[in-house]
Amino acid sequence: MQNRQENIIYLTVWGLLFAAPLLSLYVRTVNDATVVFDWSEVFVVWRKFAVYLVLFLVHNFLLAPLLVHGHKRVAYFSIVAVVVAVFTVYQCNSRPEKIHPRPLPAREGIEYPHDRMDWEEVITPPPHREGPGAGLPPPIVGERDIMAVVVLILMLGANLGIKGYFRSRNDRKRLAELEHENLEQQLEYLRYQINPHFFMNTLNNIHALVDIDPEKAKDTILELSKMMRFVLYEGNKQGVPLSREMDFIRHYVTLMQLRYTDKVRITLDLPAEMPDRQIPPLILITFIENAFKHGVSYQRESFIEVKVGLEKELLTFECRNSKADKPNEMKGGVGLANVRKRLGLLYGNRYALCINNDADVYSVELNIPLS
């Protein structure tokens with residue numbers, strides 16, 4: 001199906017072409033009182049335009065799609081060459097006949113001083129020419145015929161250019177829609193990976209508390225229910241209020257503090273006032289999970305520091321943790337890989353992520369714009 005804007009362009013151009021002879025004759029009748037509005041003159045021009053219009057319609061609906069949509073170059077150029085040849089033959093055989101006006105009849109008392117001379121000049125046969133070209137028949141293809149063929153080729157080329165432009169524009173639009181859909185699918189896939197990964201770690205923590213301290217396990221379940229509510233109702237959105245994301249982090253850190261003793265120093269520094277801005281859900285929790293997973297040592301004192309700051313339209317996140325004597329060998333690593341992909345898909349090159357893995361300290365610094 002053709003684009004509506006493309007059809008509007010064609011209708012406008014052809015409408016102006018067919019209106020041009022009417023406007024021209026109207027202007028002549030207004031400026032010169034001796035000129036009479038004669039529809040026969042308009043019809044002569046319209047008959048010429050009608051031939052071009054028929055060829056345009058054939059090319060637009062039958063021939064141009066062969067090249068633009070079907071990519072059949074040989075078939076297109078072969079048929080167009082035949083069409084141009086047929087038009088050339090038609091043009092050469094449909095030249096208007098020269099009409100020699102008859103002299104005005106003589107009437108008594110009427111003189112035609114100037115008109116009589118003009119008519120005589122028209123009626124008088126041209127003088128006999130002598131030379132190399134004398135006596136030769138008129139050329140098969142005249143100047144008007146060549147111009148008519150050139151106009152036809154230009155018309156077909158313009159039609160092809162317009163159709164190719166709208167085809168490329170539609171292709172770009174379709175590609176952008178596919179890229180957007182692909183982006184949404186990738187984000188959904190990453191979210192569904194993050195949520196099970198998060199709950200797997202949290203349920204392991206609750207399992208460890210059931211036998212050690214049942215009361216703490218109950219409190220942990222309450223905190224988990226609050227977090228589940230956030231994940232279920234907010235986790236599938238592109239953006240959530242910054243205050244809700246900070247509440248989620250606070251609940252998570254509270255849950256983790258119930259499990260560990262005083263040997264693990266946990267520091268959480270969140271802004272006291274939250275602006276009315278949004279942030280992708282569960283974008284920061286992965287780094288905090290990673291800190292608790294790999295930064296807690298049961299043999300010596302360890303620490304985890306989480307800090308979130310706001311600078312104008314920029315969110316700064318810092319997470320530092322000590323490194324355990326024996327790193328956690330549990331396979332996975334899904335969280336960090338996913339959060340990198342999400343940051344790349346959501347922000348492109350508008351974010352900054354710096355991870356330092358030193359001998360005793362593991363630190364993460366992240367800067368992302370707020371929407």
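Above this note sits the structure.
The shown structure was predicted, so the numbers you read here are calculated from the model rather than taken from an experiment.

To continue, consider the pairing of strand E6 (residues 352-357). As paired strands, E6 and strand E7 (residues 361-369) are joined by six bridges and run antiparallel to one another. Bridging from a neighbouring strand, Ile-355 pairs with Val-364 of E7. Joining the antiparallel neighbours E6 and E7 is a turn of three residues.

This part takes up the pairing of strand E5 (residues 314-322). Looking at chain direction, strand E4 (residues 302-311) and E5 are connected through eight bridges and run antiparallel. Within the sheet, the bridge partner assigned to Ile-304 lies in E5 and is Asn-321.

What follows concerns the nonpolar core. Counting 42 residues, the largest nonpolar core has Ile-279, Leu-284, Ile-288, Phe-292, Leu-315 and Phe-317 as the members making the most contacts within it. A per-element tally of this core places helix H7 (residues 242-257) first, with eight residues. The contacts of Ile-279, once residues within four sequence positions are left out, are Gln-238, Gly-239, Val-240, Leu-242, Glu-245, Leu-284, Leu-315 and Ile-368. Trp-14, Tyr-52, Val-80 and Ala-148 belong to the second-largest nonpolar core, a separate cluster that totals 16 residues.

Looking now at the sheet that holds strand E2 (residues 264-269). One open sheet accounts for five strands, arranged E2-E4-E5-E7-E6; its pairing is mixed. Of all strands in the sheet, those with a lone pairing partner are E2 and E6, marking the two edges. Neighbouring strand axes in the sheet, compared pairwise and without regard to direction, differ in orientation by 5° on average. Relative to E7, E5 runs antiparallel, the two being bridged by nine bridges. Looking at E7, one finds that Arg-320 is bridged to Ser-363. Together, E2, E4, E5, E6 and E7 form the strand contacts of helix H8 (residues 285-294), whose direction differs from that of E5 by roughly 5°.

A few words now on the pattern of salt bridges. Evaluated as defined, the whole model comprises eight salt bridges. Among the ionic pairs, Glu-6 bridges to Lys-163, the shortest N-O distance being 3.0 Å. Here Lys-163 lies in helix H5 (residues 143-212) and Glu-6 lies in helix H1 (residues 4-31), a separation of 157 residues in the sequence. The burial state of Glu-6 is the same as that of Lys-163; both residues are buried. A salt bridge links Arg-167 to Asp-171; the nearest nitrogen and oxygen atoms lie 3.1 Å apart. A residue pair is termed a helical-turn pair when its members lie 3 or 4 positions apart in one helix, as Arg-167 and Asp-171 do in helix H5 at four residues. Note on Arg-167: relative accessible area 25%, which makes it partly exposed. Linked through salt bridges whose partners overlap, the residues forming this network are Arg-265, Glu-305 and Arg-320.

Turning our eyes to something else, we now look at the packing of aromatic side chains. Evaluation of the coordinates by the stated rule reveals 14 aromatic pairs. Where Phe-37 meets Trp-39, the ring centres are 5.3 Å apart and the plane angle is 75°; that geometry is what we call edge-to-face. Under the relative-accessibility criterion, Phe-37 is labelled partly exposed at 33%. Residue Trp-39 is classed as partly exposed on the basis of its relative accessible area of 42%. On the numbers, 5.1 Å between centres and 75° between planes, the contact of Tyr-76 with Phe-77 is edge-to-face. Since its relative accessible area comes to 4%, Tyr-76 is described here as buried. A network of ring pairs unites the aromatic residues Tyr-10, Trp-14, Phe-18, Phe-37, Trp-39, Phe-43, Trp-46, Phe-49 and Phe-56 as a single cluster.

The subject of this paragraph is the side chain of Lys-163. Looking at Lys-163, the relative accessible area reads 4%, which means it is buried. A polar contact of 3.0 Å, which involves the side chain of Lys-163, links it to the side chain of Glu-6.

What follows deals with a nonpolar patch on the surface. Among the surface-exposed residues, Tyr-26, Val-27, Val-30, Phe-37, Trp-39 and Phe-43 lie close enough to one another that they form a single nonpolar patch of about 590 Å² accessible area. For the nonpolar patch, the elements supplying multiple residues, two or more each, are H1 and helix H2 (39-68). The biggest single contributor to the nonpolar patch is H1, with three residues. With respect to the element layout, Phe-37 can be found in the loop between H1 and H2.

Phi is positive for His-71, which is not a glycine, with a value near 55°. One can find His-71 in the loop between H2 and helix H3 (73-92).

Cut-offs and rules
Residues numbered from 1 in each chain as written. Predicted model: local features only at pLDDT ≥ 70, side-chain atom pairs only at ≥ 80, totals over all residues. Heavy atoms only, no water. Pairing = 2+ DSSP bridges. Helix = DSSP H or I, 4+ residues; strand = E, 2+ residues; numbered from the N terminus. Core = buried A, V, L, I, M, F, W, Y, C linked by side-chain atoms within 4.5 Å. Buried < 20%, exposed > 50% of the residue type's maximum accessible area, 1.4 Å probe, protein only. Contact = heavy atoms within 4.5 Å. Axes fitted to C-alpha atoms, helices over the stretch in contact; angles between N-to-C directions. Salt bridge = Lys/Arg side-chain N within 4 Å of Asp/Glu carboxyl O. Phe/Tyr/Trp six-rings, centres within 6.5 Å; stacked < 30°, edge-to-face > 60°. Polar contact = N/O pair within 3.5 Å; in protein donor to acceptor, adjacent residues only side chain to side chain. Patch = residues over 30% accessible without salt bridge, like charges linked within 9 Å, V, L, I, M, F, W, Y side chains within 5 Å. Areas by Shrake-Rupley, 256 points an atom, 1.4 Å probe, with all protein chains shown as cover.

Keep in mind these numbers describe shape, not what the thing actually does.
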